Amino acid sequence: MSTESLERIARNKNVARAAARQLSMEQLHKLSEVIGEVIEQKQQEDHLRQKEEADKQQKLAEIRDAMNTAGLSMDDLVGEQPRKRRGRPPKNAAKNG
């Protein structure tokens, strides 16, 4: 089953009912279990991602506070940006000029 058909089933209850009519009760129960496991796994992944993002934001805040306390800015850390080097001229530029 393609992702498009799964999305179509998920968006429309009547399409889901039509698809479910083609399955036996045993298959429907198995599908229900599998979907439940997938939902649980997705929730755990989302929770972990949110926790990691919160940790990252906390670390950023700590670094900003430490920088402010030390009287530093981003310019002090980064310094001057390196100059861009010019690329090689096109091969046919020497012939035309």
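Because the structure is predicted, anything quoted here is derived from the model rather than measured.

**Q** What am I meant to see in the overall build of the chain here?
**A** Counting secondary structure elements, the chain contains five helices and zero strands. For the chain, the succession of helices and strands along the chain, N to C, is α-α-α-α-α. By the compact-globule yardstick of 13 Å for 97 residues, the chain is too spread out, its C-alpha radius of gyration being 28 Å. Residue burial in the chain is summarised as follows: out of 97 residues, 2% are buried.

**Q** What's the story with a nonpolar patch on the surface in this structure? I'm lost.
**A** A cluster of nonpolar side chains, contributed by Leu 23, Leu 31, Ile 35 and Ile 39, occupies part of the molecular surface with about 320 Å² of accessible area. Within the secondary structure layout, Ile 39 lies in helix H3 (residues 25–70).

**Q** Explain the pattern of salt bridges to me, please; I cannot follow it from the model alone.
**A** A side chain of one charge can pair with a side chain of the opposite charge when the charged atoms of the two come close. Per the stated rule, a full pass over the model turns up two salt bridges. Asp 46 is the partner of Arg 49 in a salt bridge, and the nearest nitrogen-oxygen pair spans 2.8 Å. In this pair, Arg 49 and Asp 46 both sit in helix H3, three residues apart, roughly one turn of the helix. Here Lys 51 ties to Asp 55 by a salt bridge, and the two come within 3.3 Å at their closest N and O atoms. Of the two residues, Lys 51 and Asp 55 both sit in helix H3, four residues apart, roughly one turn of that helix. For Asp 55, a relative accessible area of 31% gives the class partly exposed.

**Q** What am I meant to see in the environment of Ser 24 here?
**A** Residue position: Ser 24 is located in the loop between helix H2 (13–21) and H3. You can call Ser 24 partly exposed: its relative accessible area is 34%.

Here is what the cut-offs are and how they apply
Residues numbered from 1 in each chain as written. Predicted model: local features only at pLDDT ≥ 70, side-chain atom pairs only at ≥ 80, totals over all residues. Heavy atoms only, no water. Helix = DSSP H or I, 4+ residues; strand = E, 2+ residues; numbered from the N terminus. Rg over C-alpha atoms; globule rule 2.2 N^0.38 Å. Buried < 20%, exposed > 50% of the residue type's maximum accessible area, 1.4 Å probe, protein only. Patch = residues over 30% accessible without salt bridge, like charges linked within 9 Å, V, L, I, M, F, W, Y side chains within 5 Å. Areas by Shrake-Rupley, 256 points an atom, 1.4 Å probe, with all protein chains shown as cover. Salt bridge = Lys/Arg side-chain N within 4 Å of Asp/Glu carboxyl O.

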